Amino acid sequence: MADRKATLQIDGQSIELPVLSPSAGKDVVDVRSLGKHGYFTFDPGFLATGSCESKITYIDGENGVLLHRGYPIGDLATQADYLEVCYMLLHGEAPDEKQYQDFRKTITKHTMVHQGLHNFFNGFRRDAHPMAMLCAVTGALSSFYHDDLDIHDPDQRLRSAYRLIAKIPTIAAMAYKFSIGQPFVYPRNDLGYAENFLNMMFSVPAEDYEISPAVAKAMDRIFILHADHEQNASTSTVRLAGSSGANPYACIASGVASLWGPAHGGANEACLRMLAEIGSVENIPKYIEKAKDKNDPFRLMGFGHRVYKNMDPRATVMRESCHEVLKELKRDDPLLDVAMELERIALEDDYFVEKKLFPNVDFYSGIVLKAIGIPTNMFTVIFALSRTVGWVSHWHEMMSEESQKIGRPRQLYTGHTQRDFKPIKK
C-alpha cells in the first residue's frame, strides 16, 4: 500500500512519510511516525485526517457516490430491504435467502425488551425529549446483559449488535408513547421491520393501526438511506468510545448523544422549522431572495450538503418515496405545499442549479415523516434508529482489529506556561 513516500522538510530535518493508496478515493499521507520526531499534526474537526481504516462505506462527495460494502445506495434502496442492508453492513456481503431468513428471525426474536426496562421510563418527565430517553435507555441495556459483554468474543459482539438493531425501534416507539401518555405497544412477530415500528408508534389498544404499503416502503427507505455515512461525528464518537473497551450499549448511547446535536442529526427537523417560518406558498419568492442575499442570515435548510458537491444520491431515491406517500395519504397541509413548491424552484432556478443546491435526503425525509404523522421531536430518534446498524458495524469492525488502540487526540496548547502558585491568603 505504501509504494511512495512524502517528504516533510522542517527545521533542516527531512522526515519521510509513507503514502497509502486506498481501494477507492484519495491517497493518504501516513503521519503516525511524526511523534517520534517531536511533531504532530493540527487539524480541528479532523477535516483532513483519516482516523481509521474501514471496509464498510465509501463516499465520493464530488461525484455524488455512496457505496455500502461496494454496493451503490440507489440499488440498495430500490432492490433490498433494511434488514438485508443490516446483514450486509455487519457481515460484509449481501445475504443469500437462507442467511436472510435466519437473520430476520433472529432480529424478530430480539425485538421485545425486558419488562424491567419499562420502569426506566417512569423516571422521566412527560415532556422529556425522546432523544434524552433513547440515550439513557440505550445505555441502560448493558445492565440487562452484563453477563454477555465480552467485547473480545466475536459471537458476543454479534449478539449485542443483533439486540441493538432489534430493540432500538421498540425503545424509540416507547419513548414516543410515553411522551404522549399512551400505553406501550409490544412488537409483533408477524410484521416486517418497518411495519412493526409503525405499528408500535401508532396503534392503540382501542383499535389497530392500518399500515399503508406506501408508508411502510417509505419508512424502510428512510432506514436504509440513513443506515451509515462513513466517519461522521456520531460514528467517530462510537469508535472513540469503543476504543477504550466500553461495552457496546454505552458506545451506541454515545452515538445517540452525538447525533442529538443540531449540526448533525437535526437537519430534517430544521427543514420543517424553516417551512413553518416560510408559512405559505405566497411567501416563497421573498424567502428565495433572502436565501440569495449573502448579508441576510436566513438559510434554506435541506438544500445542498457538506459532503456532496453534487446531487445527494440518497435524495434521488427519497424523492420518489416522498411523492408516493403524499399521493397515497392526500394530506391537506400548507407546509407540504410549501415544500413541493420549494423543490420545484430549486430544481429549475439558475441560482440553485449553478451552486448545486439540490434538495438533499433530509429535505425529503422530513416531509415524509411529517406526512406520516411523526412529530418533529421524533425525527432525530428515527435517524438514530436507522444509524444503529452503521454504528455497531463500525464498532464490530474496530474491535476485530488486533492492533486496536485507545483514541488519544493531541492538542495545540496555547495557555499559560509554568508559573508559581500563591496560596489564597496571600
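Residues numbered from 1 in each chain as written. Predicted model: local features only at pLDDT ≥ 70, side-chain atom pairs only at ≥ 80, totals over all residues. Heavy atoms only, no water.

- Taking an unreviewed UniProt entry as the reference, the chain is identified by name as Citrate synthase belonging to Idiomarina baltica OS145.
- Entered under Pathway (unreviewed entry) in the UniProt record, the comment concerning the chain runs "Carbohydrate metabolism; tricarboxylic acid cycle; isocitrate from oxaloacetate: step 1/2."
- In the Sequence similarities (unreviewed entry) part of its UniProt record, the chain is described as follows: "Belongs to the citrate synthase family." (UniProt positions renumbered as here; feature names shortened; annotations may be inferred.)

Remarks on the sheet that holds strand β2 (residues 13-20)
Phase 1: Strand order in this open sheet of three strands is β1-β2-β3, and the pairing throughout is antiparallel. If you trace the sheet from one side to the other, it starts and ends with β1 (4-10) and β3 (28-29), each paired once.
Phase 2: Looking at chain direction, β2 and β3 are connected through two bridges and run antiparallel. When the bridges of β3 are listed, Val19 appears paired with Val29. (Pairing = 2+ DSSP bridges. Helix = DSSP H or I, 4+ residues; strand = E, 2+ residues; numbered from the N terminus.)

Some details on the packing of aromatic side chains
Phase 1: Inspection of the entire model under this criterion finds 18 aromatic pairs.
Phase 2: Ring plane angle 55° and centroid distance 6.0 Å describe the contact between Phe120 and Phe144, whose orientation is recorded as tilted. Pair noted here: Phe120 is in helix α4 (residues 118-121) and Phe144 is in the loop between α5 (130-140) and α6 (154-180), with a separation of 24 residues, a long-range link.
Phase 3: Since its relative accessible area comes to 23%, Phe144 is described here as partly exposed.
Phase 4: By the ring-pair criterion, three or more aromatic residues cluster together here, those being Phe303, Tyr351, Phe352, Phe363 and Tyr364.
Phase 5: Above the ring of Phe178, the side-chain terminus of Arg126 is found at 4.1 Å from the ring centroid.
Phase 6: Sitting above the plane of the Tyr145 ring, Arg163 keeps its charged end 4.2 Å from the centroid. (Phe/Tyr/Trp six-rings, centres within 6.5 Å; stacked < 30°, edge-to-face > 60°. Buried < 20%, exposed > 50% of the residue type's maximum accessible area, 1.4 Å probe, protein only. Lys NZ or Arg CZ within 6 Å of the ring centre and 35° of its normal.)

Here we look at the packing of helix α2 (residues 82-91) against helix α3 (residues 97-109)
Phase 1: One can describe the packing of α2 onto α3 by two numbers: an axis separation of 10 Å at closest approach and a directional angle of 100°. One finds that α2 runs roughly perpendicular with respect to α3. Together, Leu83, Glu84, Cys86 and Tyr87 of α2 and Gln99, Tyr100, Phe103, Arg104 and Ile107 of α3 make up the contact between the two elements.
Phase 2: Along the lines of polarity and charge, the residues of the contact of α2 with α3 split into six nonpolar, one polar and two charged. (Axes fitted to C-alpha atoms, helices over the stretch in contact; angles between N-to-C directions. Parallel < 35°, antiparallel > 145°, perpendicular 65-115°, else oblique. Contact = heavy atoms within 4.5 Å. Nonpolar A, V, L, I, M, F, W, Y, C, P; charged D, E, K, R; others polar.)

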